[in-house]
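Each chain is listed here by its residues.
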Amino acid sequence: MEKFSLFIGIDLGKREFYAAFRSQSLLVKERKYENTASGISRFIQDIQAFGLELNQVLVALEHCGVYLEKLVMALYAEGIFTWLWNPLIAKHAPLDLNRHKDDPRDAKAMAFLAQSYQAKAKRYIPPSVAEREIKALSLLRRQLIKQRTQFINQQKNNRDKALPLPLAAEVFQQLIDSINEKIKRVEKQLKKIIVQSDRLKRVYKILTSIPGIGPVTATQLIEISRGFTTFNSEIALAKYAGTLPLKHLSGSSIKRKPRSSKKANKQLKVNLTMGATSQIRKGMFFENFYRYKTQVQKMEHLKVINIIRNTLLKLAVKLVKLDQEFDPDTFRNNKKSWQVFLTLS
């Protein structure tokens, strides 16, 4: 039995979007709208013209970044069920062999997919003001770090020349110092926003209590999980981070060792790797564990690092759910349970 009566597929662009209206397995209308306040208002009026309760309408579109913000905020305000698709899933979901590509066709395909998979529909809830600010500031921090790295590399190249240019060295150093100051301001503002929310402040304190998770990784985990409200398990978070070993088996001839996927949040993966690596040094929390795995069990270095990365993620999810800070004694007494389902085979 269908939960919805009207299915609308949208192909969204920067300045305009196409909408395909589908009802009772038939395409009943298609139209182009401007991606502006007036165009979105006209789109909502066309939905209301069908005379249906708004909870019977399902709007589906790909998640395409900042271009969709105005549209989804307006639909959310009207109480219209909006379902955002991962572009990769939307690309491979259709079963036909059609190789044409145009916006109206994509809108029709999204309407068809919305009706076909309506049982899996998840309502999109816009992020809060604090969540949007954390995301924007985190992005700004990454951009500043990227620029700083470029200037550092250019400074090194100038230094390696046979005749280094003194002015270039001075300018690059001034730029690096300026960016460092801006990064500190961004990090200070990030911390201020987190502290203003009692829940985010508590989550941040729990995360930073875990060995291997510092302020940067903790902030990133809060950003991508929206305060640990979007990932329902450590398995899902490990898949997103690209640290969960995945099987690849088919019949009797195709068989390979489990390996992590390249389709991942690479920055999070890097931060987890750095955190795990910092904890295997002498006197650190995972030193004995690392030595036992590599020297006694003869396990490869990267496999042990991946076990620690997944352990950090599992600790993060479990402790936030329990609202408890990390306790080294509790972990040591139950260390085997933290490796179940997340270790490499």
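Here, every reference points to the structure presented above.
What counts as what
- Each chain carries its own residue numbering, running from 1 in the written order of its sequence.
- Where local features are concerned, this predicted model is filtered to residues with pLDDT of at least 70; where side-chain atom pairs are given and counted, the filter is 80 or more; whole-chain, interface and lining totals use all residues.
- As a convention, hydrogens and water are excluded, and side-chain values are obtained from all of the structure's heavy atoms.
- A run of H or I in DSSP becomes a helix once it reaches four residues, and a run of E becomes a strand once it reaches two; helices and strands are each numbered from the N terminus.
- Exposure classes here rest on a 1.4 Å probe applied to the protein chains alone. A residue is buried below 20% of its type maximum, exposed above 50%, and partly exposed in between.
- By definition in these notes, contact holds between two residues if any of their heavy atoms fall within 4.5 Å.
- What sets the accessible areas is the Shrake-Rupley method with a 1.4 Å probe; for residues, cover comes only from the shown protein chains.
- Counted as positive: Lys and Arg. Counted as negative: Asp and Glu, with His and the chain ends omitted from the count.
- For the purpose of locating charges, the reference atoms are NZ of Lys, CZ of Arg, CG of Asp and CD of Glu.
- Using a grid of 1 Å spacing that covers the protein atoms alone, one calls a set of points a cavity when a 1.4 Å probe fits there but cannot get out, and a pocket when the set is open and has protein on both sides within 12 Å along at least five of seven lines; lining residues are those with an atom within 4 Å of a point.
- Grid points are joined across faces, edges and corners, and a volume is the space filled by probe spheres set on the points.
- In this classification, the charged set is Asp, Glu, Lys and Arg, the nonpolar set is Ala, Val, Leu, Ile, Met, Phe, Trp, Tyr, Cys and Pro, and all remaining amino acids, among them Gly, are polar.
- Salt-bridge detection follows one rule: a side-chain nitrogen of Lys or Arg within 4 Å of a carboxyl oxygen of Asp or Glu.
- Helix span, expected: 1.5 Å multiplied by one less than the number of residues in the helix.
- The arc in question is traced by the directions running from the helix axis to the C-beta atoms.
- Residues enter patches when their relative accessible area tops 30% and they take part in no salt bridge; the joining distance is 9 Å for like charges and 5 Å for the nonpolar side chains Val, Leu, Ile, Met, Phe, Trp and Tyr.
- To pair, rings of Phe, Tyr and Trp, with the six-membered ring standing in for Trp, must have centres within 6.5 Å; the planes then decide the type, stacked if under 30 degrees apart, edge-to-face if over 60, and tilted in the middle.
- A positively charged side chain is recorded as over a ring if its NZ (Lys) or CZ (Arg) lies within 6 Å of the ring centre. The angle to the ring normal must also be within 35 degrees.
- In plain words, nonpolar cores are sets of buried Ala, Val, Leu, Ile, Met, Phe, Trp, Tyr and Cys residues tied together by side-chain atoms within 4.5 Å.
- Note on pairing: DSSP must find at least two bridges between two strands before they are called paired.
- The convention used is that axes are lines fitted to C-alpha atoms, helices contributing only their stretch in contact, and that angles between N-to-C directions extend from 0 to 180 degrees.

Caption draft 1: Summary view of the overall build of the chain. Along the chain, the regular secondary structure elements total 13 helices and seven strands. Seen through its C-alpha atoms, the chain measures out along the principal axes to roughly 70 × 60 × 50 Å. Counting every position in the chain, which comprises 345 residues, the buried fraction comes to 38%. Looking at the chain alone, contacts between residues at least 24 apart form 62% of all its contacts between residues at least 6 apart. For the chain, the exposed surface amounts to about 21,000 Å²; the carbon and sulfur share of it is 53%. Mean positive and mean negative side-chain charge positions of the chain (60 and 30 charges, respectively) differ by 8 Å.

Caption draft 2: Examining the layout of surface pockets more closely. In this structure, the largest pocket encloses a volume near 2,400 Å³. In terms of lining residues, the largest pocket is bounded by 47 residues, among which H63, N86, I224, F231 and Y240 are the most central. Per element, the largest residue contribution to the lining of the largest pocket is six residues, and it comes from helix α5 (residues 129-160). Its residues assigned to classes, the lining of the largest pocket shows 24 nonpolar, 11 polar and 12 charged.

Caption draft 3: Looking closely at the environment of M110. Here M110 lies in helix α4 (residues 103-116). On the basis of relative accessibility, which here comes to 4%, the residue M110 falls in the buried class. Along the primary structure M110 and K182 are separated by 72 residues, whereas in three dimensions their C-alpha atoms are 42 Å apart.

Caption draft 4: Molecular detail of the pattern of salt bridges. Counted under the stated rule, the structure contains 12 salt bridges. E30 serves as the salt-bridge partner of K108, at 3.5 Å between the closest nitrogen and oxygen. You can see K108 sitting in helix α4 and its partner E30 sitting in strand β3 (residues 26-34), a full 78 residues away along the chain. By relative accessible area, which is 34% here, K108 ends up partly exposed.

Caption draft 5: Structural view of the environment of Q48. Mapped onto the elements of the fold, Q48 is located in helix α1 (residues 37-48). Residues Q48 and G65, spaced 17 residues apart in sequence, show a C-alpha to C-alpha distance of 26 Å.

Caption draft 6: How the structure looks around helix α10 (residues 266-278). Across its 13 residues, α10 extends 18 Å between first and last C-alpha, which sits within 8% of the 18 Å expected from 1.5 Å per residue. Turning to α10, its buried residues number three or more, namely L268, K269, N271, L272, G275 and A276. Looking straight down α10, one finds its buried side chains confined to an arc of 165°; they lie on one side. Within α10, the exposed residues directed more than 90 degrees away from the buried face are K266 and M274.

Caption draft 7: Layout of a nonpolar patch on the surface. Residues L26, V28, F50 and L52 make up a contiguous nonpolar surface patch of roughly 320 Å² in combined accessible area. Residue position: F50 is located in the loop between α1 and β4 (57-62). Since its relative accessible area comes to 31%, F50 is described here as partly exposed.

Caption draft 8: Summary view of the packing of aromatic side chains. On inspection of all chains with the given rule, the structure shows 17 aromatic pairs. Seen in terms of ring centroids, F17 and Y33 are 5.3 Å apart; in terms of plane orientation they differ by 20°. Their pairing is stacked. Of this pair, F17 sits in strand β2 (residues 16-23) while Y33 is found in strand β3, placing the two residues 16 residues apart along the sequence. Residue classification places F17 among the buried positions, given a relative accessible area of 0%. Ring geometry for F286 and F289: centres 6.3 Å apart, planes at 70°, overall edge-to-face. By relative accessible area, F289 is classed as buried at 19%. Taken together, F17, F21, Y33, F43 and F50 form an aromatic cluster joined through their ring pairs. Directly above the ring of F21 sits K29, whose terminal nitrogen or CZ lies 5.7 Å from the centroid.

Caption draft 9: Examining the nonpolar core more closely. Counting residues in each nonpolar core, the largest one holds 46 residues, and the members touching the most others are L207, L221 and F228. Apart from the residues lying within four places of it in its own chain, the contact partners of L221 are L207, I213, F228, L237, L268, L313 and A316. Within the second largest apolar cluster, 22 residues are counted, among which are A19, Y33, L75 and L84.

Caption draft 10: Main features of the sheet that holds β4. Read across the open sheet, the five strands follow the order β3-β2-β1-β4-β5; overall the sheet is mixed. Two strands in the sheet have a free side with no partner beyond their single neighbour: β3 and β5 (81-85). Adjacent strand axes in the sheet meet at a mean angle of 20°, parallel and antiparallel pairs treated alike. Sheet topology places strand β1 (residues 6-12) next to β2; six bridges connect them, and they run antiparallel. Bridge pairing links G9 to A20 in β2. Strands in contact with α1 are β1, β2, β3 and β4; relative to β3, the strand with the most contacts, it is inclined by about 160°.

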